[in-house]
Amino acid sequence: MVRPRTAWAVPFLAASFAAAQTPAAPKSAFGYADFSQQAKWDAAFMKVPSAKLAGEHLKTLTAEPHWASSPEDYKTALYVEQKFKAAGLETTIVPYRVWLNKPVKIEITAFDAAGNKLMSGPSREHVDPKAYGGDPFQDDPRILPAFNGSSASGDVTADVVYANYGTLADFKKLDELGVSVKGKIVIVRYGANFRGVKAYIAQQYGAAGVLIYSDPADDGYAKGDMYPRGPYRPASGVQRGSVQFLPIHSGDPTTPGIASTLDLPDSKRELDRTKMNQPAIPTNPLSYQDASPILEALDGPETPREWQGDLPFTYHLGGTGAVKVHMLLQQDYQLRTIWDVIGKIPGTDGGDASVLAGNHRDAWVYGAVDPNSGTAAMLETVHGLGDLLKQGWKPKRTIIFASWDAEEEGLIGSTEWVEDNEAMLRHTVVYFNTDVGVSGPSFDSSAVPSLKQFVREVTKEVSSPKGGSVYEQWKKDQAEGASRRNNARPSEADTDVRIGTLGSGSDYTPFFQHVGVPSTDIGSDGPYGVYHSAFDNYNWFIKFADPTFVYEQQQARVFGLEVLHMADADVLPYDYKLYGHEVVGYVDAAQKRAIEAKMQVDFSALTTAAHRFAAAGDTIHNTQAKLSSIGEQSNYAPLNTALRDAETALLSDAGLPKRPWYRHTIYAPGEFTGYAAVVIPGVNEGIDAVDAARTQEQIAALTAALNHASAILEDAAK
């Protein structure tokens, strides 16, 4: 589900890279009293992950469409289980019974005012089999019709209105222009926000249905050559995806806050659809091949110029009766079984601290990039750690690897597991995520601020296929403007390689924003135009993403070093110094916004708390840096406990207004963005709503959380 990256201007072509130079092994690392032994284990580990084996994993995992809960999906679970066990992990398949829809009938038909048929679809995804090698996977009868997970069934005929990207600002603009969407079918293009938010807003404005299409301006021919000649979306390509109201909560719609175990009785489930985090109106994706006749026939005023896409005609707002669309969607909703695969390497420290690393396995169709490039890399990480086990290595902290299921439908497999294991997760020191492991050669990451420097340090140790270290190439890519992942913007407090902010759209969400486990997300990006389509398959991958699988190998190494370093560090290498200074910046920015909005709210206590948190972060960072003065290893435990507890202290028991499942006071997906993060969300969304009482209440909640975290760090630094 990970959100699509901003597409590149120039396709990545396979090339002969300069021989990679192995970066010099570091002599020290933050969190280690003596890094010398760890450096030896790092070197031994990095010899193991194999580009060739990663390619074999990917080919096997993507041989068939494997939508969550399908027999083919279960086959991929068995494959991952086999590889985990072969590496020596204690492995179990953990099933859950969750609410999923499967399309029975999807019919979209458009007519002009005279009743002439303009289009009937959705058309099958297909490219010319004789052009540029065609596509060997497109005719598999197991490919499901293009549909949206969480869509309602419906039989609706209505006028059509074009609403650009379907953002809140776009719907407000339609109001200003005097165009109502009430009772109409809204057609919007992918991009700018999460697709579920498009349906969420459209429903609030009274729309009868939603069609979401991929405009060539965003990932089609306007960006470069279309597949199979190039990496961009062909005319028939459709972006599937969930329209669950993810900003309300992730996971099984029937069980927010509790695990959907096989034995959970239906009496414990919410089976009233009107109370679920799903739209009540039908929603379906379209290719631009199918959307084009609808958009071209719309009349009414021309759209604002910034709403114009790249189809070869002028876009109009519609809503005048010139076009009617009939949406007939029959969804088969059932409680279906999904399968998480969990592998464990027990730690030696005798405590209950653990390190978690995961990737989802299910796909809308084949999922070569999203997500199985990440699965292939994770399996080679596991292969490397298995080899270390044979050499006598044992981690201090328990390591858990997870292959999640039903992520695409709403982060379901990971969320149910989190809700099933919440007590254990209070002692989990980190969750490392990868999703789209490789779509091209540009490494990038998002992380909680306390782990940003940790990610940078790990990447300095791993070779890039282009030469030098991953960190050096990452820095070069950013300097050249190639990388655009997850809101990665520099800040005054953070002027190194930019690392993004965790919003939502992948499996870190329940770990970080629901139960407060510090998290990171990594990927290697490129010109990925076939997101969530049937063309995201092995053929596309070996042509445009990573023909020799050397970036798969790179990602396996980075992922593995993240795990190794966090499992074996003497003192947990969190950086609350950076965290604190970022929070001060967030609070200052929010206060300026409130002043501009002429809101009567008092930030004084919050400003004091933010500066206290920053000062506590500075002090604890100095303590961590002086490991030799802490004493014997047995004395590290209290400090590590405090460092971990400080993140949990940033949770609010009450959660965010209107969406209490999200409990983190510093980061959450925006109610009206879905993927992109909103910082200090309670406060900033109160300002967005120009609601002084709500804003003041959230200022108080954030102040309490920061003071709680500060007290923990201050006590530990004494």
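Quick summary incoming for the structure in this document. Keep in mind that what you see is a predicted model, and the values were worked out from it rather than measured.

Attention now goes to the overall build of the chain. Regarding its fold elements, the chain presents 20 helices and 16 strands. In terms of overall size, the chain behaves like a compact globule, its C-alpha atoms giving a radius of gyration of 25 Å where 718 residues would be expected to give roughly 27 Å. Its C-alpha atoms give the chain principal-axis dimensions of about 85 × 65 × 55 Å. Looking at the 718 residues of the chain, the share that counts as buried comes to 64%. As presented, the chain carries roughly 24,500 Å² of accessible surface, and 52% of it is formed by carbon and sulfur atoms. Charged side chains in the chain number 66 positive and 87 negative. The centres of these two groups are separated by 2 Å.

When the charged atoms of two side chains with opposite charge come close together, those side chains can pair. Taken as a whole and judged by the stated rule, the model has 30 salt bridges. Salt-bridge contacts for Lys52 lead to Glu56; the nearest nitrogen and oxygen are separated by 2.7 Å. With Lys52 and Glu56 both in helix H2 (residues 51-61), this residue pair falls 4 residues apart, about one helical turn. A salt bridge links Asp266 to Arg97; its shortest N-O distance comes to 3.7 Å. Linking Asp266 in the loop between strand S7 (241-242) and strand S8 (283-286) with Arg97 in strand S1 (residues 90-112), this pair joins segments that are 169 residues apart in sequence.

Moving on, we come to unusual backbone geometry. In this structure, Pro122 follows Gly121 across a cis peptide bond, with omega equal to 0°. For Pro122, the position within the fold is in the loop between strand S2 (117-121) and strand S3 (148-149). In this model, Asp370 is joined to Pro371 through a cis peptide bond whose omega is 15°. Its location among the elements puts Pro371 in the loop between strand S10 (354-360) and helix H8 (372-390). Phi is positive for Lys658, which is not a glycine, with a value near 70°. With respect to the element layout, Lys658 can be found in the loop between helix H18 (636-648) and strand S15 (667-669).

For the rest of this paragraph, the subject is the side chain of Asp370. Examined against the element boundaries, Asp370 turns out to sit in the loop between S10 and H8. One buried charged residue, Asp370, remains without a salt bridge, the closest side chain of opposite sign being Arg195 at 7.2 Å. Side-chain polar atoms of Asp370 contact the side chain of His360, separated by 3.3 Å.

Right, let's get into the packing of helix H1 (residues 36-46) against helix H15 (residues 550-568). Running from N to C, H1 and H15 point in directions that differ by 155°, and their axes come no closer than 10 Å. In terms of axis orientation, H1 runs roughly antiparallel to H15. Regarding H1 and H15, the two cross each other, and that crossing is right-handed. Contact with H1, carried on its side by Gln38, Asp42, Phe45 and Met46, involves Ala556, Arg557, Gly560, Leu561, Leu564, His565 and Asp568 of H15 and no other residues of that element.

Our next topic: the packing of helix H17 (residues 604-625) against helix H20 (residues 692-717). Relative placement of two packed helices is described by the angle separating their axes and the distance separating the axes. Following both chains from N to C, one finds H17 and H20 inclined at 25°, their axes separated by 8 Å at the closest point. As the angle between them shows, H17 and H20 are arranged roughly parallel. In the packing of H17 onto H20, the handedness of the crossing is left-handed. On H20, the residues touching Ala605, Leu606, Ala609, Ala610, Arg612, Phe613, Ala616, Gly617, Thr619, Ile620 and Thr623 of H17 are Ile699, Leu702, Thr703, Leu706, Asn707, Ala709, Ser710, Ala711, Leu713, Glu714, Ala716 and Ala717. Class assignment of the residues belonging to the contact of H17 with H20 gives a composition of 15 nonpolar, 6 polar and 2 charged.

Another point: the environment of Thr22. Residue position: Thr22 is located in the segment before H1. Taking C-alpha positions, Thr22 is 20 Å from Asp387, a pair spaced 365 residues apart along the chain.

Turning our eyes to something else, we now look at the pairing of strand S4 (residues 154-162). Of all 9 residues making up S4, 7 are buried, and the element is well covered by its neighbours. As paired strands, S4 and strand S9 (residues 323-345) are joined by 6 bridges and run antiparallel to one another. Among the inter-strand pairings, Asp155 is bridged to a residue of S9, identified as Leu328.

Per the stated rule, a full pass over the model turns up 35 aromatic pairs. With centroids separated by 6.2 Å and ring planes inclined at 80°, the aromatic side chains of Tyr162 and Trp307 adopt a geometry described as edge-to-face. One end of the pair, Tyr162, is in strand S4; the other, Trp307, is in the loop between helix H7 (288-297) and S9, with 145 residues separating them in the sequence. For the pair shown, Tyr162 and Trp307 are each scored as buried. Their ring planes at 80° and their centres at 6.0 Å tell us that Tyr528 and Tyr531 sit as a pair that is edge-to-face. Members of the aromatic cluster, connected to one another through ring pairs, are Phe512, Tyr574, Tyr576, Tyr579, Tyr586, Phe613 and Tyr667.

Glancing now at H18. Taking 1.5 Å as the rise per residue, H18 with 13 residues should run 18 Å; its terminal C-alpha atoms sit 19 Å apart, in good agreement. Every buried residue belonging to H18 is among Tyr636, Leu639, Asn640, Ala642, Leu643, Arg644, Ala646 and Glu647, and all of these are buried.

In this section: the side chain of Asp290. Here Asp290 shows up in helix H7. Although Asp290 is buried, it makes no salt bridge; Arg240 carries the closest opposite charge, 11 Å away. Ignoring anything within four residues of it in the chain, the contact list for Asp290 reads Met119, Gly121, Pro122 and Ser123.

Scanning all chains against the criterion turns up 5 cavities of 30 Å³ or more. Considering the residues around the largest cavity, the lining is formed by Ser652, Gly655, Leu656, Thr665, Gly682, Val683, Gln698, Ala701 and Leu702. Of all the elements in the fold, those that place two or more residues in the lining of the largest cavity are helix H19 (681-688) and H20. Looking at which element gives the most residues to the lining of the largest cavity, the answer is H20, with 3 residues. By residue class, the composition of the lining of the largest cavity is 4 nonpolar, 5 polar and no charged.

For strand S5 (residues 185-189), the buried fraction is high: 5 of the 5 residues fall into the buried class. Looking at chain direction, S4 and S5 are connected through 3 bridges and run parallel. When the bridges of S5 are listed, Tyr162 appears paired with Ile187. Two elements, S5 and strand S6 (residues 209-213), share 5 bridges in a ladder whose sense is parallel. The residue bridging Val188 from the neighbouring strand is Ile212, located in S6. Note on the crossover from S5 through helix H5 (residues 195-204) to S6: the handedness is right-handed.

The subject of this paragraph is the environment of Val448. As for its placement among the helices and strands, Val448 is situated in the loop between strand S13 (442-447) and helix H11 (452-459). The exposure class assigned to Val448 is buried, which follows from its relative accessible area of 1%. With 50 residues separating them along the chain, Val448 and Thr398 place their C-alpha atoms 21 Å apart. With residues up to four places along the chain from it excluded, the contact list for Val448 reads Leu502, Phe512, Pro518, Ser519, Tyr579 and Glu647.

Conventions we followed
- Residues numbered from 1 in each chain as written.
- Predicted model: local features only at pLDDT ≥ 70, side-chain atom pairs only at ≥ 80, totals over all residues.
- Heavy atoms only, no water.
- Helix = DSSP H or I, 4+ residues; strand = E, 2+ residues; numbered from the N terminus.
- Rg over C-alpha atoms; globule rule 2.2 N^0.38 Å.
- Buried < 20%, exposed > 50% of the residue type's maximum accessible area, 1.4 Å probe, protein only.
- Areas by Shrake-Rupley, 256 points an atom, 1.4 Å probe, with all protein chains shown as cover.
- Lys, Arg positive; Asp, Glu negative; His and termini not counted.
- Charge placed at Lys NZ, Arg CZ, Asp CG, Glu CD.
- Salt bridge = Lys/Arg side-chain N within 4 Å of Asp/Glu carboxyl O.
- Polar contact = N/O pair within 3.5 Å; in protein donor to acceptor, adjacent residues only side chain to side chain.
- Axes fitted to C-alpha atoms, helices over the stretch in contact; angles between N-to-C directions.
- Parallel < 35°, antiparallel > 145°, perpendicular 65-115°, else oblique.
- Left-handed = near helix turned anticlockwise from the far one by under 90°.
- Contact = heavy atoms within 4.5 Å.
- Nonpolar A, V, L, I, M, F, W, Y, C, P; charged D, E, K, R; others polar.
- Pairing = 2+ DSSP bridges.
- Phe/Tyr/Trp six-rings, centres within 6.5 Å; stacked < 30°, edge-to-face > 60°.
- Expected span 1.5 Å × (residues − 1).
- 1 Å grid on protein atoms, 1.4 Å probe; cavity = no way out; pocket = protein on both sides within 12 Å on 5 of 7 lines; lining within 4 Å.
- Points joined across faces, edges and corners; volume = space filled by probe spheres on them.
- Right-handed = clockwise from strand over helix to strand, strands pointing away.

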